Amino acid sequence: MCGRFVGYRNKEELLDLFPIDVCNIEVTGSYNIAPSQDILAIVRRDNKNYLEKFHWGLVPFWAKDISMGVRMINARAETVHSKPSFRSAFKQRRCLILSDGFYEWSGDAGSKQPYFMTIMGEKPFAFAGLWERWDDKGKRSSAYQSCTIITTTASDSMRHIHHRMPVILKPEAYQQWLDPEFQDTQGLQDILKSMTITEIYSRPVSRQVNTVHNNEPSNIEPLKQMELKL
């Protein structure tokens, strides 16, 4: 599962680091991104890559209302091609969800320790995602844009903290993943299995991240050994 993550780069950095052709939005960073909030994702339309904002929690185009998005923050890589809520988006509405790291918790209920998870060098990266536009069958004047993060079995480097992890794509997979014309199910599954970054680096961080409103750079600072024992 991936239920909280971080994205703090500014617009100029993102334009330099990712394959973005068009960006007409204001970019603000966050050290505590939670479900239902707006998140940044790259989608491909008209042969261009657009950086846009999406609500985190996918609402299929056929949904009766947006409430089901609460249950759709993640999609399992193993079944994303067959689940009714995801299979249409998996074929032609895929996206890159931009991130600098994510949080996971480990331990006993009531005293779980949060960890900040990132990749080598703490470089920004992209989760494999799906997106949708919901307009209540044309009744809404503006569409509700939403997305979900694809997850998979945790790699050896993360399994000691949690048994699931988000799919982090290698840069060489970006263009094919975004291409709505590429709809080969097996080929897409191969991307999720073999064109990913699996080496995860983790560190314990303050329990202040448990509260969504705590949105500070200190959220990702490592705990000192003394603090960890408290």
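Bear in mind the structure is a predicted one, so any value in this text is a computation, not a measurement. (Residues numbered from 1 in each chain as written. Predicted model: local features only at pLDDT ≥ 70, side-chain atom pairs only at ≥ 80, totals over all residues. Heavy atoms only, no water.)

## Examining the overall build of the protein chain
The criterion, for reference: Labels follow the DSSP assignment, with helices taken as runs of H or I lasting at least four residues and strands as runs of E lasting at least two, numbered in each case from the N terminus. Only the C-alpha atoms count toward the radius of gyration. The rule for a globule is 2.2 Å times the residue count to the power 0.38. Burial classification: accessible surface area is computed with a 1.4 Å probe over protein chains only, and a residue below 20% of its type maximum counts as buried, one above 50% as exposed, and the rest as partly exposed.
Counting its regular elements, the protein chain contains five helices and 14 strands. Relative to a compact globule of 230 residues, whose C-alpha radius of gyration would be 17 Å, the protein chain shows 17 Å and is just as compact. Oriented by its inertia axes, the alpha-carbon framework of the protein chain measures out at about 55 × 35 × 35 Å. Within the protein chain, buried positions represent 50% of all 230 residues.

## Examining unusual backbone geometry
Backbone geometry places Asn47, a non-glycine residue, at a positive phi of 65°. The topology assignment puts Asn47 in the loop between β4 (38–45) and β5 (48–56). One non-glycine residue, Glu122, adopts positive backbone phi at about 50°. Assignment of secondary structure puts Glu122 in the loop between β9 (113–118) and β10 (125–134). Judged by its relative accessible area of 29%, Glu122 is partly exposed.

## Observations regarding the packing of aromatic side chains
Filter applied, for reference: Ring pairs are drawn from Phe, Tyr and Trp, using the six-membered ring of Trp, whenever the two centres fall within 6.5 Å, and their geometry is named by plane angle: stacked under 30 degrees, edge-to-face over 60, tilted for the rest. Look at NZ for Lys and CZ for Arg. If either is within 6 Å of the ring centre and within 35 degrees of the ring normal, a charge sits over the ring.
With the rule as written, the count across this model stands at ten aromatic pairs. Seen from their ring centres, Tyr103 and Trp105 are 6.3 Å apart, and the 55° between their planes marks the pair as tilted. Among the residues examined, Tyr103 registers a relative accessible area of 0% and is labelled buried. Of the aromatic side chains, those joined through ring pairs into one cluster are Phe5, Trp56, Phe102, Phe125 and Phe127. One Lys or Arg, Arg94, reaches over the ring of Trp177 and ends 5.5 Å from the middle of that ring.

## Looking at the pairing of strand β7 (residues 94–99)
Our working rule: A pair of strands is considered paired only if DSSP assigns at least 2 bridges between the two.
With six of six residues buried, β7 is to be regarded as a mostly interior element. Across the two faces of β7 the burial is the same, with Arg94, Leu96 and Leu98 and Cys95, Ile97 and Ser99 all buried. Bridge analysis of β7 against β10 gives six bridges, and the strand direction is antiparallel. Residue pairing across strands places Cys95 opposite Gly129, the latter belonging to β10.

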